Amino acid sequence: DARVTQTPRHKVTEMGQEVTMRCQPILGHNTVFWYRQTMMQGLELLAYFRNRAPLDDSGMPKDRFSAEMPDATLATLKIQPSEPRDSAVYFCASGWAISGKSTDTQYFGPGTRLTVL
Amino acid sequence: GDSVTQMEGPVTLSEEAFLTINCTYTATGYPSLFWYVQYPGEGLQLLLKATKADDKGSNKGFEATYRKETTSFHLEKGSVQVSDSAVYFCALSTDNQGGKLIFGQGTELSVKP
């Protein structure tokens, strides 16, 4: 049963520290999404990649957030420096899409719950 | 821009009651429509989808019909169970969005025994 995996599942850190979240998409999927979920804002799309190339990162605060796909089996989301307002659950999702067409279904990982003190 | 609007929650029902969660959308293209469910402490998972007008998606007793004339995709279930307690998200995706999902705000459902 193929699944998206995310590590760590929980992270507590202090303001100013660097945080790196990792995601392993389902093998064969060519599109990876990063979402943030909070009570106030709901689900927000931060960035997404197609065939490891960034397609859209307009939802991401550029000054402190960065997202990369070093290879097809790993996506990373980094926050440096972290702030208390970054406290949220961060989800990675993967899917398959033909260029110019919408992704059929997105498969979500279990999320990383980040708390910044 | 494209958007999704869901009925506000929380929705509280007794077991075996009928469920409707309303969802309407605005889209410039021809969207695919989805319902995702999020159980406590978990990520979202696809519940059902429909890719063109008049299609009916169904899964686990849940159904939703793609109504282009009313731009709606309401979720229904004839008899809910306690295990259906979760947050339900309506979403759309269009080709011109490059595969992004546009989510509604989510509707929390609580089913009491």
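Calculation criteria
- Residues numbered from 1 in each chain as written.
- Chains lettered and ligands numbered in written order.
- Predicted model: local features only at pLDDT ≥ 70, side-chain atom pairs only at ≥ 80, totals over all residues.
- Heavy atoms only, no water.
- Pairing = 2+ DSSP bridges.
- Helix = DSSP H or I, 4+ residues; strand = E, 2+ residues; numbered from the N terminus.
- Axes fitted to C-alpha atoms, helices over the stretch in contact; angles between N-to-C directions.
- Salt bridge = Lys/Arg side-chain N within 4 Å of Asp/Glu carboxyl O.
- Core = buried A, V, L, I, M, F, W, Y, C linked by side-chain atoms within 4.5 Å.
- Buried < 20%, exposed > 50% of the residue type's maximum accessible area, 1.4 Å probe, protein only.
- Contact = heavy atoms within 4.5 Å.
- Phe/Tyr/Trp six-rings, centres within 6.5 Å; stacked < 30°, edge-to-face > 60°.
- Disulfide = S-S within 2.5 Å.

Draft legend 1. Focus on the pairing of strand β7 (residues 56–59) of chain B. Residues and elements named next belong to chain B. In terms of strand pairing, β7 meets strand β8 (residues 62–65) through four bridges, oriented antiparallel. Residue pairing in the sheet places Lys56 in a bridge with Thr65 of β8. Hairpin connection between β7 and β8: a loop of two residues separates the two successive antiparallel strands, and Lys60 in this loop has a positive phi of roughly 55 degrees.

Draft legend 2. Up close: the sheet that holds strand β9 (residues 75–77) of chain B. Residue and element names in this part refer to chain B. Read across the open sheet, the four strands follow the order β3-β9-β8-β7; overall the sheet is antiparallel. The sheet terminates laterally at β3 (19–21) and β7, the two strands that pair on one side only. Adjacent strand axes in the sheet meet at a mean angle of 15 degrees when their direction is disregarded. Where β3 lies against β9, three bridges are found, and the strand directions are antiparallel. Pairing of Leu19 across the sheet is with Lys77, part of β9.

Draft legend 3. Molecular detail of the pattern of salt bridges. Residue and element names in this part refer to chain A. Overall, the coordinates contain eight salt bridges over all chains when judged by the stated rule. The partner of Arg36 in a salt bridge is Glu44, with the nearest N and O atoms 3.2 Å apart. A salt bridge links Glu83 to Arg64; the shortest N-O distance between them is 3.5 Å. Placement of Glu83 in the loop between β8 (74–79) and β9 (88–95) and of Arg64 in the loop between β6 (53–56) and β7 (65–71) is noted, with a sequence separation of 19 residues between them. Several salt bridges converge on common partners, so that one network encompasses Arg64, Glu83, Arg85 and Asp86.

Draft legend 4. Main features of the nonpolar core. Judged by nonpolar contacts, the single largest core of 27 residues is most densely connected at Trp35, Leu47, Leu48, Phe73, Leu75 and Tyr88 of chain B. Sorting the residues of this core by element identifies β2 (11–14), β3, β4 (23–26), β5 (32–38), β6 (44–50), β8, β10 (86–93) and β12 (107–112) of chain B as the ones contributing at least two each. When sequence neighbours within four positions are dropped, the list of residues in contact with Phe73 of chain B reads Cys23, Leu33, Phe34, Trp35, Leu48, Lys49, Ala50, Ala64, Thr65, Tyr66 and Cys90 of chain B. Counting 22 residues, the second-largest nonpolar core is a separate cluster that includes Val4, Trp34, Ala75 and Leu114 of chain A.

Draft legend 5. Highlighting unusual backbone geometry. Residues and elements named next belong to chain A. Here the residue pair Thr7 and Pro8 is connected by a cis peptide bond, since its omega of -10 degrees sits within 30 degrees of zero. Despite not being glycine, Asn51 has its phi angle at roughly 50 degrees, a positive value. Mapping Asn51 onto the fold places it in the loop between β5 (42–50) and β6. Look at Asn51 and you get exposed, because its relative accessible area is 56%.

Draft legend 6. Looking closely at the packing of aromatic side chains. Counted according to the given criterion, the structure contains twelve aromatic pairs over all chains. Ring centres of Tyr35 of chain A and Phe103 of chain B lie 5.7 Å apart, and the angle between their planes is 80 degrees; this geometry places the pair in the edge-to-face category. Residue Tyr35 of chain A is found in strand β4 (residues 31–38), and its partner Phe103 of chain B is found in strand β11 (residues 102–103); the two belong to separate chains. The buried category is assigned to Tyr35 of chain A, whose relative accessible area is 1%. Residue class for Phe103 of chain B comes out buried when judged on its relative accessible area of 13%.

Draft legend 7. Examining the sheet that holds strand β3 (residues 19–24) of chain A more closely. Residue and element names in this part refer to chain A. In spatial order, the strands read β1-β3-β8-β7; together these four strands make up an open sheet with antiparallel pairing. Each edge of the open sheet is held by one strand with a lone partner, namely β1 (5–7) and β7. Here the average twist between neighbouring strands, direction ignored, is 20 degrees.

Draft legend 8. Representation of the state of the cysteines in the model. According to the stated counting rule, one finds two disulfides over all chains in the structure shown. Between Cys23 of chain A and Cys92 of chain A runs a disulfide, and the two sulfur atoms are separated by 1.9 Å. Its S-S torsion of about -55 degrees marks the bond between Cys23 of chain A and Cys92 of chain A as left-handed, since a negative value means left-handed. Taken together, the positions of Cys23 of chain A in strand β3 and Cys92 of chain A in strand β9 put the pair 69 residues apart, joining distant regions of the chain. Each sulfur of the disulfide joining Cys23 of chain B and Cys90 of chain B lies 2.0 Å from the other. Here the S-S torsion is close to -70 degrees, and the disulfide linking Cys23 of chain B with Cys90 of chain B is therefore left-handed. In this pair, Cys23 of chain B is assigned in strand β4 and Cys90 of chain B in strand β10, connecting sequence segments 67 residues apart. Each member of the pair, Cys23 of chain B as well as Cys90 of chain B, carries the same accessibility label: buried.

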